[in-house]
Amino acid sequence: MSDKISESALNALKIAFTYMPKSIEVTKYEYGDDYQKILDHIETVREILLINDVDPEEVHGEVNPESTPNSSY
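As recorded by an unreviewed UniProt entry, the protein chain carries the name Penicillin-binding protein and is attributed to Shewanella vesiculosa.

Undergrad: So what about unusual backbone geometry? Which residues, and what values?
TA: Backbone geometry at Asp-53 places phi at a positive 60°, although glycine is not the residue there. Taking the relative accessible area as the measure of exposure, Asp-53 reaches 62% and is therefore exposed.

Undergrad: An account of the nonpolar core is needed here, citing residue identities and associated values.
TA: Leu-10, Leu-13, Phe-17, Val-45, Ile-48, Leu-49, Val-54 and Val-59 together form the largest nonpolar core, which totals eight residues. Of all elements in the fold, only α1 (7-19) and α3 (35-51) reach the threshold of two or more residues within this core. Other than its neighbours up to four places away in sequence, Leu-13 contacts Ile-5, Val-45, Ile-48 and Leu-49.

Undergrad: So, the pattern of salt bridges: which residues are in play, and what are the values?
TA: Within the structure shown, the criterion is met by four salt bridges. As a salt-bridge pair, Lys-14 and Glu-62 come within 2.4 Å of each other at their nearest N and O atoms. You can see Lys-14 sitting in helix α1 and its partner Glu-62 sitting in helix α4 (residues 59-63), a full 48 residues away along the chain. According to the relative accessible area criterion, Lys-14 is buried, its value standing at 7%. Owing to a relative accessible area of 48%, Glu-62 belongs among the partly exposed residues under this scheme.

The rules behind each value
All residue numbers refer to position in the chain's written sequence, counted from 1. Only residues with pLDDT of at least 70 are given local features in this predicted model, and only at 80 or more are side-chain atom pairs given and counted; all residues enter the totals for whole chains, interfaces and linings. Only hydrogens and water are set aside when side-chain values are computed; all heavy atoms of the structure are taken into account. Only protein chains enter the accessibility calculation, which uses a 1.4 Å probe; a residue is then buried when its area is under 20% of its type maximum, exposed when over 50%, and partly exposed in between. Only buried residues count toward a nonpolar core. Its members are Ala, Val, Leu, Ile, Met, Phe, Trp, Tyr and Cys residues joined through side-chain atoms within 4.5 Å. In this text, helices come from DSSP runs of H or I with a minimum length of four residues, and strands from runs of E with a minimum of two, each type numbered from the N-terminal end. We call two residues in contact whenever any of their non-hydrogen atoms come within 4.5 Å of each other. Counted as salt bridges are all cases of a side-chain nitrogen of Lys or Arg within 4 Å of a carboxyl oxygen of Asp or Glu.

Here it is in structure tokens:
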């Protein structure tokens, strides 16, 4: 997968990504036997964001700037 997606699809993906659990939060205890599939889905979304020149770590602040603390450095 190396194709870039449209701007509107990318924006929708960014919004959806902000509501996905963080990989560190996905455990077998919390999600049962589906935990590995969920981790795979999160990784797939991260890869598509990266292919489209979007840093997954910055998405939440971009989508919800009002709830992102200001940098102190």
